[in-house]
Amino acid sequence: MNQYEFFLASSLEKVFPQQRPAPLEQDVCTWAGTRAAVQLVYRGASCGQTSLLQTFRITVSGAPVQPEISEVRLLPSDFPCWEDSDGDENYLTRVPGLFPDLLMPMESERFRPIPRQYRSLWLCFPIPEDARPGTFDVEIRLEPDREIAMANGQVWHAGPEAQPCTLTFRMRVGKAKLAPQTLIHTEWFHGDCLAEYYQVPPLSEEHWRIMEKFIHAAAQRHGINMLLTPVFTPPLDTAVGSERPTVQLVKITVQGEKYTFDFSLLERWTKLCREAGIEYLEIAHLFTQWGARATPKIMATVDGAEKRIFGWDVPADSPAYRSFLEQFIPALRTELERLGYDRQHVYFHISDEPTEAHLENYRTAKQQVQDLLEGCPVIDALSSFDFYRQGLVEHPVPANDHIQPFLDAGGPDLWVYYCCAQGLHVPNRFYAMPSARNRIMGVLMYRYNIRGFLHWGYNFYFNQYSREKVDPYSVTHCDYAFPSGDPYLVYPGKDGEPLSSIRAEVQSEALVDLRAFQTLEKHLGREAVLQMIDRNAGMEKMTFKKYPIDASYLLELRREVFEALEKI
């Protein structure tokens, strides 16, 4: 009798060791140029101490492409959610423990089931752009190794409980060519975190090599088409009076009251971005976070020596800073135009997350640069509607738990963001949240015509306020600052390779959902697509705080959209 258990689950399941996930019941519907994923769930037999020696070999046939196979690794979290989350039932657990998230590429075709624990392999099928449409019967064959040579020279023989297993599912590749992504998507890129984690000098050749790999993954795998660009070190999550490692891309020389600029590093950065597919740049914030009271850290060569010329000790309304900006911003805009990023593809920031208490500070800071940024889009993450009502922010990026007044105002090209604070009822991607709560954002962003999505952490590997680096594999919450799953979307792997996560892959599925809705809209009209979205939602109209929470809703909606596109 086979005491091992093997079955398939959808990409929306999170497989915990002691909880059997729901098995896959639907066809996997996808399109050329996208990625489709299923999970192979397995549980080991309890046959004494030798049961841990048993390995199985996996082979996959019948798919339009061979899958990328990764082990879903469990990572610790002793801060999975905020204490005030008790009123929100849409969590998998609030108990500290081990959470499935990291996708570790398999180094061989073999895996080892663990006794009395459910684990999974992530099978990702990168469907080629030229894949033929049709239905594919995919077969997954699991063969137990019968003999294993051990390090002590002995040969271990498998018992009768280890038997071959074959699993199958249907993959359907649609005939439609999906519309390209129009959503502007940024996950803030922290180059200094990479330098610190890998222990390489900032902006050294090795640092550039690592950054290139992470930028490529962001654009090609995770649907990120806007990149935070450190023309000077971004003034983000930095303790007052302290500073982050310098990753300034513009070399500055001070000669009296005149500044000269060397953009050669910025040119190298934009070349990497263009090659990866980054369409937009967002310039580092021009003023400090939490109130726009001061200037960012800016380094320059003065009398032959490098020194800091602006920072926490220089107020936002400094005449010296205004003089600097009068020279810097026009030169920067001209250079970016030359490098292929015109003003429609370069976004600026004033200050991150100002509150109502900071209205006047923000107003003062904006007045320093308003004329210099004429014709350029300026966006900032915030929650207070007053900034928009008073005209201080023309392109607000409200948090998804504060977005309703902005929606009611009917402004065009609205963005949305979430971060650590959005832990009640709204979509987010904490470890402890179901994957459907992550993926539903694609539906909501379509429903509300969202122009852009912003998140602060693609790869933030510091603790809060950037006082010191942390190990993202063991301290998954930035030292109890943010619930696990908030600070980073990818993990730093060997040799500078970014490693993906369940959260990153599921978010990418949400972006495909959005593209599929937009493709169908071109043929049936927006109202027909909205009716399809609402039909099985079980509510009159979904909002960012009220939406279907079951994975089955998203899987069935994908099937319906797929079928509708097949009929066109």
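In what follows, the structure referred to is the one given above.
Residues numbered from 1 in each chain as written. Predicted model: local features only at pLDDT ≥ 70, side-chain atom pairs only at ≥ 80, totals over all residues. Heavy atoms only, no water.

(A) Broad picture of the sheet that holds strand E12 (residues 165–174). One open sheet accounts for five strands, arranged E2-E12-E9-E4-E7; its pairing is mixed. At either end of the open sheet lies a strand with only one pairing partner, and these are strand E2 (28–31) and strand E7 (110–111). Relative to E7, strand E4 (residues 56–61) runs antiparallel, the two sharing two bridges. Residue pairing for E7: Arg57 is matched across the bridge by Arg110. Contacting E2 and E12, helix H11 (residues 551–566) crosses the sheet at an angle of about 50° to E2. (Pairing = 2+ DSSP bridges. Helix = DSSP H or I, 4+ residues; strand = E, 2+ residues; numbered from the N terminus. Contact = heavy atoms within 4.5 Å. Axes fitted to C-alpha atoms, helices over the stretch in contact; angles between N-to-C directions.)

(B) The side chain of Thr476, seen in detail. Relative to the helices and strands, Thr476 resides in the loop between strand E24 (452–455) and strand E25 (491–492). Side-chain polar atoms of Thr476 contact the backbone oxygen of Pro76, separated by 2.8 Å. Here Ser484 takes part through its side chain, which lies 2.7 Å from a polar atom of the side chain of Thr476. The contact partners of Thr476, leaving out residues within four places of it in the chain, are Leu75, Pro76, Ser77, Tyr431, Ser484, Gly485, Pro487 and Tyr488. (Polar contact = N/O pair within 3.5 Å; in protein donor to acceptor, adjacent residues only side chain to side chain.)

(C) Inspection of unusual backbone geometry at higher detail. In the Ramachandran plot, His425 falls in the positive-phi region, its phi being about 75° despite a non-glycine side chain. Following the sequence through the fold, His425 ends up in the loop between strand E23 (415–417) and helix H8 (435–447). The backbone of Tyr480 shows a phi angle near 65°, a positive value even though the residue is not glycine. By the secondary structure assignment, Tyr480 is in the loop between E24 and E25.

(D) The packing of helix H2 (residues 205–220) against helix H3 (residues 264–276), seen in detail. It is the contact of H2 with H3, at a shortest axis distance of 9 Å, that shows an interaxial angle of 35°. Crossing of H2 over H3 shows right-handed handedness. Residues Glu205, Trp208, Met211, Glu212, Ile215, His216, Ala219 and Gln220 of H2 form the contact with H3, whose own contacting residues are Leu265, Arg268, Trp269, Leu272 and Ala276. Looking at the contact of H2 with H3 residue by residue, the classes come out as eight nonpolar, two polar and three charged. (Left-handed = near helix turned anticlockwise from the far one by under 90°. Nonpolar A, V, L, I, M, F, W, Y, C, P; charged D, E, K, R; others polar.)

(E) Broad picture of the pattern of salt bridges. The final tally for this structure, using the stated rule, is 40 salt bridges. Two residues, Arg503 and Asp101, come together in a salt bridge whose shortest N-O distance is 2.9 Å. Of this pair, Arg503 sits in helix H9 (residues 502–524) while Asp101 sits in strand E6 (residues 97–105); the two residues are 402 residues apart in sequence, bridging distant segments of the chain. One continuous salt-bridge network, built from bridges that share partners, spans Glu206, Arg209, Lys213, Asp495 and Glu497. (Salt bridge = Lys/Arg side-chain N within 4 Å of Asp/Glu carboxyl O.)

(F) Geometry of the packing of H8 against helix H10 (residues 526–535). Orientation of H8 relative to H10, taken along the N-to-C sense of each, is 145°, at an axis distance of 11 Å. Once H8 is placed against H10, the crossing between them reads as left-handed. Only Arg526, Val529, Leu530, Ile533 and Asp534 of H10 make contact with H8, whose side of the interface consists of Val443, Tyr446 and Arg447.

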